[in-house]
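Topology and contacts: notes
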Amino acid sequence: MKRFSFSSIMLWAGLIFIYLPMVILVIYSFNASRLVTVWGGWSVKWYVGLLDNTQLMNSVMRSLEIACYTAIAAVALGTLAAFVLTRITHFKGRTLFGGLVTAPLVMPEVITGLSLLLLFVLMAQLIGWPMQRGMTTIWIAHTTFCSAYVAVVVSSRLRELDMSIEEAAMDLGARPWKVFFLITVPMIAPSLAAGAMMSFALSLDDLVLASFVSGPGSTTLPMEIFSAVRLGVKPEINAVASLILLAVSFATFLAWFFAHRAEEKRKKAMQQAMDETTNPSWQQVVDSRRSTSSN
């Protein structure tokens, strides 16, 4: 009988600890009873009832929209910050700049939310914008918070790159912006995708920042769920959470599938190149070219 090692036991225990509550959540989303703690049989009426719950569905769409905007803006700002920290090694105030970039990682969200609220109030008094807090202020707050995560992820990838490829492209006449978009960006694409997914998840999950900088008519999904849980967990919340889990799982599977296919193509291309270099006919062509050039 095969004995389980300590690492295998801890692995399965961790997986069960993480995913068992999600499985229970999905099962209870099909509960026919209105009481979430009492099983009343299988039913899909709570999924159908989501179509009539316009307030909850509007908060879902609002959260998804803000999360998409946050992912785009955070990747852009975080990548620029990471590029400055890794490629421009000597400039006045570099230590201060690095500290400011990573400050949101260690700063409590309550302090960040309160400071952003005071900033928006002061800006409204001085320049008249924003007139009221809503999706724009939530987007700015989430972008400020998520850009730090993207900067850390992308900077770690930029430090591992071989700069000789970029230097060779510039020696051949390519401008720096062209080297960045055509050479650097494709090489750091996995880290950009990771930063975008992380920013999307953090924005979709945020409650504290959105509570400070939101206004009337801009309630996000976490705020809606938090206010509803005070009166008791409703079955519709289990249903919408199950749908979000399904969407996230599907997106994760697509990301893994395309990454796996790209890796397989890369391996096949490398194998084909190695086969061509070891092919006798190819070697004869190389030797003939060398002899011609020597003559």
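Residues numbered from 1 in each chain as written. Predicted model: local features only at pLDDT ≥ 70, side-chain atom pairs only at ≥ 80, totals over all residues. Heavy atoms only, no water.

This part is about the overall build of the chain. Broken down by element type, the chain carries 13 helices and zero strands. In the chain, the order of α-helices and β-strands from amino to carboxyl end is α-α-α-α-α-α-α-α-α-α-α-α-α. Over its C-alpha atoms the chain spans a radius of gyration of 26 Å, topping by over 25% the 19 Å that the globule rule assigns to 295 residues. Dimensions of the chain, computed from the C-alpha atoms along their principal axes, are close to 90 × 70 × 40 Å. The buried share of the chain, reckoned over its 295 residues, is 28%. When contacts within the chain are restricted to residue pairs at least 6 apart in sequence, long-range pairs at least 24 apart make up 69% of them. Summing over all exposed atoms, the chain offers an accessible surface of approximately 19,500 Å²; the carbon and sulfur share of this is 69%. Taking the average place of the 22 positive charges on the side chains of the chain and the average place of its 17 negative ones, the gap between the two points comes to 2 Å. (Helix = DSSP H or I, 4+ residues; strand = E, 2+ residues; numbered from the N terminus. Rg over C-alpha atoms; globule rule 2.2 N^0.38 Å. Buried < 20%, exposed > 50% of the residue type's maximum accessible area, 1.4 Å probe, protein only. Contact = heavy atoms within 4.5 Å. Areas by Shrake-Rupley, 256 points an atom, 1.4 Å probe, with all protein chains shown as cover. Lys, Arg positive; Asp, Glu negative; His and termini not counted. Charge placed at Lys NZ, Arg CZ, Asp CG, Glu CD.)

Turning to empty space enclosed by the protein, a few remarks are in order. In this structure the tally under the stated criterion is one cavity of 30 Å³ or more. Counted as a void, the largest cavity has a volume near 40 Å³. In this structure, the largest cavity is lined by Ser-63, Ile-66, Ala-67, His-142, Ser-203, Leu-204, Asp-206, Thr-220 and Pro-222. The set of elements that each furnish at least two residues to the lining of the largest cavity consists of helix 3 (54-87) and helix 9 (189-205). Taken together, the residues of the lining of the largest cavity sort by class into four nonpolar, four polar and one charged. (1 Å grid on protein atoms, 1.4 Å probe; cavity = no way out; pocket = protein on both sides within 12 Å on 5 of 7 lines; lining within 4 Å. Points joined across faces, edges and corners; volume = space filled by probe spheres on them. Nonpolar A, V, L, I, M, F, W, Y, C, P; charged D, E, K, R; others polar.)

Take unusual backbone geometry next. The step from Trp-129 to Pro-130 runs through a cis peptide bond, and the omega angle for that step is -5°. As for its position among the elements, Pro-130 is in the loop between helix 5 (109-126) and helix 6 (135-160).

With their axes 4 Å apart at the nearest point, helix 8 (residues 176-187) and helix 9 run at an angle of 65° to one another. As summarised for this structure, helix 8 and helix 9 are arranged roughly perpendicular, according to the angle between their axes. For the pair formed by helix 8 and helix 9, the contact residues are Val-185, Pro-186 and Met-187 on the first element and Ala-189, Pro-190 and Leu-192 on the second. Taken together, the residues of the contact of helix 8 with helix 9 sort by class into six nonpolar, no polar and no charged. (Axes fitted to C-alpha atoms, helices over the stretch in contact; angles between N-to-C directions. Parallel < 35°, antiparallel > 145°, perpendicular 65-115°, else oblique.)

What follows concerns the state of the cysteines. Covalent bonding between the sulfur atoms of two cysteines is what defines a disulfide. Considering all chains together, one arrives at zero disulfides under this definition. The thiol sulfur of Cys-68 is not disulfide-bonded, and the nearest other cysteine sulfur, from Cys-146, lies at 12 Å. (Disulfide = S-S within 2.5 Å.)

Moving on, we come to the pattern of salt bridges. Pairing is possible between side chains that carry opposite charge, provided their charged atoms lie close to one another. Within the structure shown, the criterion is met by two salt bridges. Notably, a salt bridge pairs Arg-87 with Glu-166, separated by 2.7 Å at the nearest N-O pair. Of this pair, Arg-87 sits in helix 3 while Glu-166 sits in helix 7 (residues 163-171); the two residues are 79 residues apart in sequence, bridging distant segments of the chain. The same class applies to Arg-87 as to Glu-166, namely buried. A salt bridge links Arg-157 to Glu-160, with the nearest nitrogen and oxygen atoms 3.8 Å apart. (Salt bridge = Lys/Arg side-chain N within 4 Å of Asp/Glu carboxyl O.)

Look at Glu-166 and you get buried, because its relative accessible area is 6%. Ignoring sequence-local partners within four residues, the contact set of Glu-166 consists of Arg-87, Leu-161, Val-179, Ile-183, Thr-184 and Met-187.

Following the UniProt record, the feature "domain: ABC transmembrane type-1" (unreviewed entry) maps to residues 60-256 here. Taken end to end, residues 60-256 is 81% helix and 0% strand, and its first and last C-alpha atoms sit 25 Å apart. (UniProt positions renumbered as here; feature names shortened; annotations may be inferred.)

The next point concerns the packing of aromatic side chains. The final tally for this structure, using the stated rule, is 11 aromatic pairs. Arranged with centres 4.9 Å apart and planes meeting at 80°, the rings of Trp-39 and Trp-42 form a pair that is edge-to-face. Residue Trp-42 is classed as exposed on the basis of its relative accessible area, which comes to 62%. A centroid spacing of 5.9 Å and a plane angle of 35° characterise the contact between Phe-253 and Trp-256, whose relative ring orientation is tilted. Separated by three residues within a single helix, Phe-253 and Trp-256 lie in helix 12 (residues 235-278), roughly one turn from each other. (Phe/Tyr/Trp six-rings, centres within 6.5 Å; stacked < 30°, edge-to-face > 60°.)

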